Amino acid sequence: MLPFLNKIGVLINEFISIIVFSLLDLLDFLLGYTYKALDLLIELEWRSKESSIIPKLESKSIVRVTCSKRQLDEISDTLYARPTLLSKLTISSSESVDQTNPKLTLNFRTLPSPRWSDCHCKTCTSWRCSMKETLFVKATGIKETQEDVVFIHGFISSSALWTETLFPIFSQKARSKYRMLAFDLLGFGRSPKPTDSLYTLSEHLDMIHSSVLRPYNVKSYHIVAHSMGCLLALALAAANPASIKSLTLIAPPCHPSGSEEDAMRRLAPRRVWPFLTFGASLACWYEHISRTICLVICKNHRIWEFILKVVTANRLRIGLIEAFFLHTHNAAWHTLHNVICGTSRKMEGYLEIVKNQSKFPIKIIHGVRDVLVPIECCHNVQSRVPRSKLKVLPKRDHLTVIVGRRHELARDLEEIWDSANQCE
């Protein structure tokens, strides 16, 4: 009887999803034209006012849109071609596409930074006042006497995921032995959020090298990564496997090799239930709906932070609240497609390099209740790199696998680092 009811539930979910997402296709189409009109009207006036108020800073060139073959190859197909019922009519507010060969005809306009739909508060725009366009880095310890551990957060997050949860509870022995480096990825947290960046994998990696590894003289190091950060961690490990001492991957979205569209369908199958799947579907498939969500939430994040403090009686850590809000739609949209979806075709190559050209230990941690990253992703990594060890945690999801077991995770990480040193 139970299997029959489950089947009925699946059919109902699929039927409702078809109706809901068909309506969302239409809504996103209409919002596309709405935002195009608003961008033309508002940003023309915004640029004229801005030029008379804010002095132009000398260009430091973080990462900029170019026409290099390397960058064009890293643009995900899902960025400009998402098959919906109205895909042929869908427009984009940031680029115009020739349907015959979209990658070769992307035309980007010079846009103000931040845009009118982004937050203009001091926290979100602090990077524009800095003379150095580098990532925001939180470092503990002194290099001369310690080993390095690099922490990489996931999508729509920040370094607070680590500094607010794990850093305060590491043992005194670990704090004296390891220098810990956590940073906000390009486009997130307090790091730069340029409007003319494509936020490709190579751009994220270049910023990690120029803002973290080189300035802090990181030569050999351990990596701890969560969610999307695992993709960047594997890319770093594949680029220079000799420099990695250990690799800890928490909820890695390493889907089996396939097209970028296949990766997007696995990540966001366009279903109304579970709720997190519905949210992921909105973020992946609908550029203009997701921009509206950012307009309501991220632009007004100080109001939402205040409401959450009142509702929760200030029990939530403010850093974790900010981590969810401090990003722009442009950064999130391009990173989602060019990194999470775009690396699907490269992941098999990265895992092959890690398997054959390195010996460092690999630990994979996954929560049973994680609906965003299925357990098959972890099995995919384990099958490609047999020496990796998988730890599956009951009653933990995509986030509580970290914040719900902070003390246990801190002890696990210390053991991983110590055992890696003993194996050398």
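As shown above, the structure is provided for reference.
Residues numbered from 1 in each chain as written. Predicted model: local features only at pLDDT ≥ 70, side-chain atom pairs only at ≥ 80, totals over all residues. Heavy atoms only, no water.

**Q** I'd like a description of the overall build of the chain, backed by residues and values.
**A** Of the regular secondary structure elements, the chain holds 17 helices and nine strands. Going through the 424 residues of the chain one by one, you find that 51% of them count as buried. Relative to all contacts within the chain whose residues are 6 or more apart in sequence, the contacts with residues 24 or more apart total 79%. A total accessible area of about 20000 Å² is found for the chain, and carbon and sulfur atoms account for 61% of it. (Helix = DSSP H or I, 4+ residues; strand = E, 2+ residues; numbered from the N terminus. Buried < 20%, exposed > 50% of the residue type's maximum accessible area, 1.4 Å probe, protein only. Contact = heavy atoms within 4.5 Å. Areas by Shrake-Rupley, 256 points an atom, 1.4 Å probe, with all protein chains shown as cover.)

**Q** An account of the nonpolar core is requested, with residue identities and associated values reported.
**A** Soluble, globular proteins show a tendency: their nonpolar side chains are buried together. I152, F183 and I223 are the most contacted members of the largest nonpolar core, which has 64 residues in total. In terms of residue count, the dominant contributor to this core is helix α7 (residues 228-239) (10 residues). What I223 contacts, discounting residues up to four positions off in sequence, is V150, I152, A233, L236, I244, S246, L247 and T248. Counting residues in each nonpolar core, the second largest holds 23 residues, with F151, Y178, V224 and V401 among its members. (Core = buried A, V, L, I, M, F, W, Y, C linked by side-chain atoms within 4.5 Å.)

**Q** Lay out the environment of S126 with the relevant residues and their values.
**A** With respect to the helices, strands and loops of the structure, S126 is situated in the loop between α3 (122-125) and β3 (137-140). Once the C-alpha coordinates of S126 and R190 are considered, the two residues, 64 residues apart in sequence, prove to be 7.2 Å apart. At 3.2 Å, the side chain of S126 and the backbone oxygen of T123 are in polar contact. (Polar contact = N/O pair within 3.5 Å; in protein donor to acceptor, adjacent residues only side chain to side chain.)

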